[in-house]
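Close look at the chain arrangement
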Amino acid sequence: MKHGGRRRGAGRPKGQGKFGEPTKAVRLPVSMIKSILKFIDNKAYRIPFYSSKVPAGFPSPADDHIEGHLDLNEHLIKHPAATFFVRVTGNSMVDAGIQENDILIVDRSIKPTHGKIVIAAIDGQLTVKRLNIKNDKIILMPENSAFDPIEIKEGSEVYIWGVVTNVIHAMS
């Protein structure tokens, strides 16, 4: 009698178990196991996405057709390796829809150009402002009339961390 090796009919039938399909063993960094298991348990954070549009004017009958599932990572983050999140303090950007405690999604791979909202470090201090470039002058503009623009003077140490692509905030 032989011992070990593969036996016909042994093991769990393919497609059985928690996932309902064949699985594969994968090596993972120990530090990521908890977050990957949470990702899997939450069905990869895919949320139903309905194909019907919601009018902001007069009501219309609802359509129960699900177009698919929306992965917020795919929708909000175009360059994962160059993207980070940061929480806002202060009210200098309220007229741009950025409020205290909002979370900003910032992409370092996007070129900071005139009119973009950026995260900038000025002499070591972080700020979020609209980038204004005119006649070789750089001005960081607030979106709240109670705040003054910040003109970047020669000799100032300025570093643009990235361009704000999305704002996440609660409605109330």
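Reference entry: report on the structure contained in this document. (Residues numbered from 1 in each chain as written. Predicted model: local features only at pLDDT ≥ 70, side-chain atom pairs only at ≥ 80, totals over all residues. Heavy atoms only, no water.)

Thoughts on the overall build of the protein chain
As a reminder, the rule being used: Numbering of helices and strands runs from the N terminus, with a helix taken as a DSSP run of H or I at least four residues long and a strand as a DSSP run of E at least two residues long. Think of it in three bands: with a 1.4 Å probe and only protein chains considered, a residue is buried below 20% of the maximum accessible area for its type, exposed above 50%, and partly exposed in between. Should any heavy atoms of two residues lie within 4.5 Å, those residues are considered in contact. Only the protein chains shown count as cover for residues, with accessible areas throughout obtained via the Shrake-Rupley method and a probe of 1.4 Å.
Counting secondary structure elements, the protein chain contains 2 helices and 9 strands. Counting from the amino terminus, the protein chain carries its helices and strands in the arrangement α-β-β-α-β-β-β-β-β-β-β. Looking at the 172 residues of the protein chain, the share that counts as buried comes to 20%. By sequence separation, contacts in the protein chain at least 24 residues apart represent 48% of the contacts at least 6 residues apart. Element-wise, carbon and sulfur atoms account for 55% of the exposed surface of the protein chain, whose accessible area totals about 13900 Å².

Some details on the side chain of Asn-132
Summarising the element assignment, Asn-132 is placed in strand E6 (residues 125-134). According to the relative accessible area criterion, Asn-132 is buried, its value standing at 16%. In this view, Asn-132 contacts His-114, Lys-137, Ile-138, Ile-139 and Met-141; residues no more than four positions away in its chain are not counted.

Description of the nonpolar core
What counts is decided by this rule: Each nonpolar core is a collection of buried residues, namely Ala, Val, Leu, Ile, Met, Phe, Trp, Tyr and Cys, held together in the definition by side-chain atoms within 4.5 Å.
In this structure, Phe-84, Val-88, Met-93, Ile-98, Leu-104, Val-106, Ile-117, Ile-119, Val-128 and Val-164 together form the largest nonpolar core, which totals 10 residues. Those elements that provide at least two residues to this core are strand E4 (103-107) and strand E5 (117-122). Leaving out residues up to four positions away in the same chain, Leu-104 has contacts with Phe-84, Phe-85, Val-86, Val-88, Ile-98, Ile-119, Val-128, Val-164, Asn-166 and Val-167. Counting residues in each nonpolar core, the second largest holds 7 residues, with Ala-120, Leu-131, Leu-140 and Ile-152 among its members.

Some words on the sheet that holds strand E8 (residues 150-151)
Hydrogen bonding along the main chain pairs the strands of a sheet, whether they run parallel or antiparallel. This is how it is decided: In this scheme, strands are said to pair when DSSP sees at least two bridges between them.
In space, the 7 strands of this open sheet follow the order E3-E4-E9-E5-E6-E7-E8, with antiparallel pairing throughout. If you trace the sheet from one side to the other, it starts and ends with strand E3 (83-87) and E8, each paired once. As judged from the 5 bridges shared by E4 and strand E9 (residues 158-168), these two strands associate in the antiparallel manner. Looking across to E9, one finds that Val-106 is bridged to Val-164.

Honestly, it's all geometry; don't read function into it.
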